[in-house]
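Notes for the structure review
Here is how the chains run, residue by residue.
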Amino acid sequence: GINLKYIKNKINMGACYSRNIGIDNAKGKYINFLDDDDELYPLKIEKSINKIKLNEKIGIICTGMDFYKVEKNKVKKINRKFEEKKLYDLKDFLKGTNISTTSTLLFLKKALLDIGKFEEIPSSQEALVILKILNKGYFAMGINESLVQYRWHGKTGECISSNKEKFLKGREQYLEELLKVINNLKLERKEKEEMLFIRNWKRFDCFINNDLKNNILLFKEMIKYKIFCQENVIAIIKIILKVLKIK
């Protein structure tokens, strides 16, 4: 049978703390996390391990998923468009390669330990872990197949991604690390700005959707970090005009 070890926190300590307890207690070489409302399909672990064994510098394997919107009772199949046998590096991630969410990922345990495990931030934990692992020189590989059912509870749920205040706070902490990584790369300013837009502002655009208050907060963030490439300014103008039209 399956050998399970159940560890229960005395109080709710949050996802990052619990994942780190799991890392500390894991005996194997690889780790696949599973959020309590998600589901791994039968061959998910086997196929991910077969893939990660192809190269000792692979730190992350990501698969496609069936995206289940609980509030609308709908399932949308999302298959990542990975190139077969391609090793994705830090620059690929910064240029927009989508490698999350948590349950779709199989990690090399050593890679997680090399970055000090999960950092305690209120959102964007997975993105920060991926960023740090790739910045350590590890690679990611993908599997073009839905091997996970991921549940998104939307505005009616209690997940962090539906809480704007926590989302923005965690996103700012992630952005600080993102800026450090990008600024350490020997790149032209325009390329750095494009990376920041792709990895950060596009997601803000989608998340904040029709919320004037948070769009103003986003604009303040742009001023703070001096991220004023053309795409950023156009995106902000569009969503603010859209909000004003709706109001």
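Described below are features of the structure shown in this document. Bear in mind that the values here come from a model prediction, so they are computed numbers and not experimental data.

What counts and what doesn't
Residues numbered from 1 in each chain as written. Predicted model: local features only at pLDDT ≥ 70, side-chain atom pairs only at ≥ 80, totals over all residues. Heavy atoms only, no water. Buried < 20%, exposed > 50% of the residue type's maximum accessible area, 1.4 Å probe, protein only. Helix = DSSP H or I, 4+ residues; strand = E, 2+ residues; numbered from the N terminus. Pairing = 2+ DSSP bridges. Patch = residues over 30% accessible without salt bridge, like charges linked within 9 Å, V, L, I, M, F, W, Y side chains within 5 Å. Areas by Shrake-Rupley, 256 points an atom, 1.4 Å probe, with all protein chains shown as cover. Salt bridge = Lys/Arg side-chain N within 4 Å of Asp/Glu carboxyl O. Contact = heavy atoms within 4.5 Å.

Let us look at the pairing of strand β4 (residues 74-78). Within β4, only 0 of the 5 residues are buried, which leaves the element largely exposed. Judged from the 5 bridges that link them, strand β3 (residues 58-69) and β4 form a sheet pairing that is antiparallel. Each bridged residue has a counterpart across the sheet, and for Phe-67 the counterpart in β4 is Lys-76.

Taken together, Ile-11, Met-13 and Tyr-17 make up a surface patch of nonpolar side chains, about 280 Å² in accessible area. Positionally, Ile-11 belongs in the segment before α1 (15-25).

Below, the discussion takes up the environment of Ile-61. Mapped onto the secondary structure, Ile-61 falls in strand β3. A relative accessible area of 0% means that Ile-61 is categorised as buried. With 14 residues separating them along the chain, Ile-61 and Lys-47 place their C-alpha atoms 9.6 Å apart. For Ile-61, the residues in contact, after removing those within four places along its chain, are Ser-48, Lys-51, Ile-52, Thr-104, Leu-105, Leu-106, Met-141 and Ile-143.

Strand direction decides the pairing type here: strand β2 (residues 39-40) and strand β6 (residues 139-152), joined by 2 bridges, are antiparallel. Its bridge partner being in β6, Leu-40 is matched across the sheet by Val-148. Two strands pair when backbone bridges link them, and β3 and β6 are joined in this way by 10 bridges, in the parallel orientation. Bridging across to β6, Gly-64 finds its partner in Ser-146.

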